[in-house]
Amino acid sequence: AEQSKCHIAEAYAQMMGVKLDEPIIETPFGKFRAIKPYFDARIAAQMLNLPLWEHGPNQFKEPPVLWSPFSASCTSQEKDRDGRLLGKPPNKMLATKSWLDAIRYMRSLGPLRLLGGPNEEVPAAWQLTLEEMECLGLPLAETTLLMRQSRLVVTVDNGMGHLAASQDCNCVVFYPMVLSLGFIFPWGSPFSVPIHMRPQDITSASALYYIERSIKWLDRQRGLRHAKGNLEIS
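All figures in this text were calculated on a predicted structure; none of them were measured in a lab. (Residues numbered from 1 in each chain as written. Predicted model: local features only at pLDDT ≥ 70, side-chain atom pairs only at ≥ 80, totals over all residues. Heavy atoms only, no water.)

Draft legend 1. Molecular detail of the overall build of the protein. Within the protein, the regular secondary structure consists of six helices and seven strands. A total of 234 residues make up the protein; the buried ones form 42% of that total. Restricting to contacts in the protein with at least 6 residues of sequence separation, those with at least 24 account for 56%. Split by element, the accessible area of the protein, about 13500 Å² in all, is 54% carbon and sulfur. (Helix = DSSP H or I, 4+ residues; strand = E, 2+ residues; numbered from the N terminus. Buried < 20%, exposed > 50% of the residue type's maximum accessible area, 1.4 Å probe, protein only. Contact = heavy atoms within 4.5 Å. Areas by Shrake-Rupley, 256 points an atom, 1.4 Å probe, with all protein chains shown as cover.)

Structure below.
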């Protein structure tokens, strides 16, 4: 951006070879450059020599719901004597019990699959099956291919939110208020919903409410865009 004397979003778009469809977008948090993240999972998988996660209609009778409740990022603003952030908890994750109602609801939308690292500690209270945990430890390229076929992605991690946005997924991102949404949320994606909240304040009922309302809005948004596309074609 400094070399090109332009906005960082324009530099990113130039580097990735994509266009800014909406140079400026107004949001409840101000005006921002809108970039839709781009990630070709197949090319990445080939470069890394990874096997591709190929789930077709025979494997999933309906699109899966992907759930990413883990994050290693801290949101603490505690500083040392030199004014540097110590990076201590609390982190972005919701309390274990906050997900209980949402788990039942997400299962009603399609086959539930948990996303995360291979060594995540999965709480027993969630009562997940081995099948629901089979995607733990998937490389990002394979995860992204799975996202492309998903019904919904629910995450507390903005990185996973950007991956979902790059595949035009329906995505709900729970993100802590202590961190600004201005530069970390994929505003260029029409199918991503930010839930800007305090993780410690989210109850099981409120998590369910946010996800339920978001999927209804996302379905309506996708339907309106599909109808608009058909009108433009005709």
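Draft legend 2. Structural detail: the sheet that holds strand β5 (residues 152–155). Pairing within the open sheet is parallel, and its five strands lie in the order β4-β3-β5-β6-β7. Two strands lie at the open edges of the sheet, namely β4 (112–114) and β7 (192–197), each paired on one side alone. Adjacent strand axes in the sheet meet at a mean angle of 15° when their direction is disregarded. Direction of pairing for strand β6 (residues 171–176) relative to β7: parallel, over a ladder of six bridges. In the sheet register, Val172 faces β7, and the bridge partner there is Val193. Strands in contact with helix α3 (residues 100–109) are β3 (65–68), β4 and β5; relative to β3, the strand with the most contacts, it is inclined by about 150°. (Pairing = 2+ DSSP bridges. Axes fitted to C-alpha atoms, helices over the stretch in contact; angles between N-to-C directions.)

Draft legend 3. Region of interest: the nonpolar core. One finds Trp67, Trp99, Leu152, Val154, Phe174 and Ile211 to be the most contacted residues of the largest nonpolar core, which totals 29 residues. Secondary-structure elements contributing two or more residues to this core are β3, α3, β4, β5, β6, β7 and α6 (204–233). At five residues, the largest contribution of residues to this core is made by α3. When residues no more than four places from it in sequence are discounted, the contact partners of Trp99 are Trp67, Pro69, Leu94, Trp126, Val154, Val156, Phe174 and Ile211. (Core = buried A, V, L, I, M, F, W, Y, C linked by side-chain atoms within 4.5 Å.)

Draft legend 4. Quick look at the pattern of salt bridges. Here the structure, examined in full by the defined rule, presents six salt bridges. For Arg107, the salt bridge is made with Glu132, and the minimal N-O distance between the two is 2.9 Å. Taken together, the residues Arg107 in helix α3 and Glu132 in the loop between β4 and α4 (140–148) connect sequence positions 25 residues apart. The salt bridge partner of Glu131 is Arg113, with a shortest N-O separation of 3.8 Å. Taken as a pair, Glu131 in the loop between β4 and α4 and Arg113 in strand β4 lie far apart in primary sequence, 18 residues in all. The network of salt bridges with shared partners includes Arg113, Glu131 and Glu134. (Salt bridge = Lys/Arg side-chain N within 4 Å of Asp/Glu carboxyl O.)

Draft legend 5. Here's a closer look at the packing of aromatic side chains. This model, assessed by the stated rule, comprises six aromatic pairs. Judged by centre distance (5.7 Å) and plane angle (75°), the rings of Trp99 and Phe174 are edge-to-face. Residue Trp99 is found in the loop between β3 and α3, and its partner Phe174 is found in strand β6; the two are separated by 75 residues along the sequence. Judged by its relative accessible area of 0%, Phe174 falls in the buried class. Chaining the aromatic ring pairs together yields one cluster made of Trp67, Phe70, Trp99, Trp126, Phe174, Tyr209 and Tyr210. Of note, Arg222 hangs over the ring of Phe191, and the distance from its end group to the ring centre comes to 3.8 Å. (Phe/Tyr/Trp six-rings, centres within 6.5 Å; stacked < 30°, edge-to-face > 60°. Lys NZ or Arg CZ within 6 Å of the ring centre and 35° of its normal.)

Draft legend 6. Summary view of unusual backbone geometry. In this structure, Gln127 takes a positive phi of about 50° despite not being glycine. Tracing the backbone shows Gln127 in the loop between β4 and α4. A positive phi angle is found at Asp168, which is not glycine, with a value near 60°. On the accessibility criterion, Asp168 (31% relative accessible area) is partly exposed.

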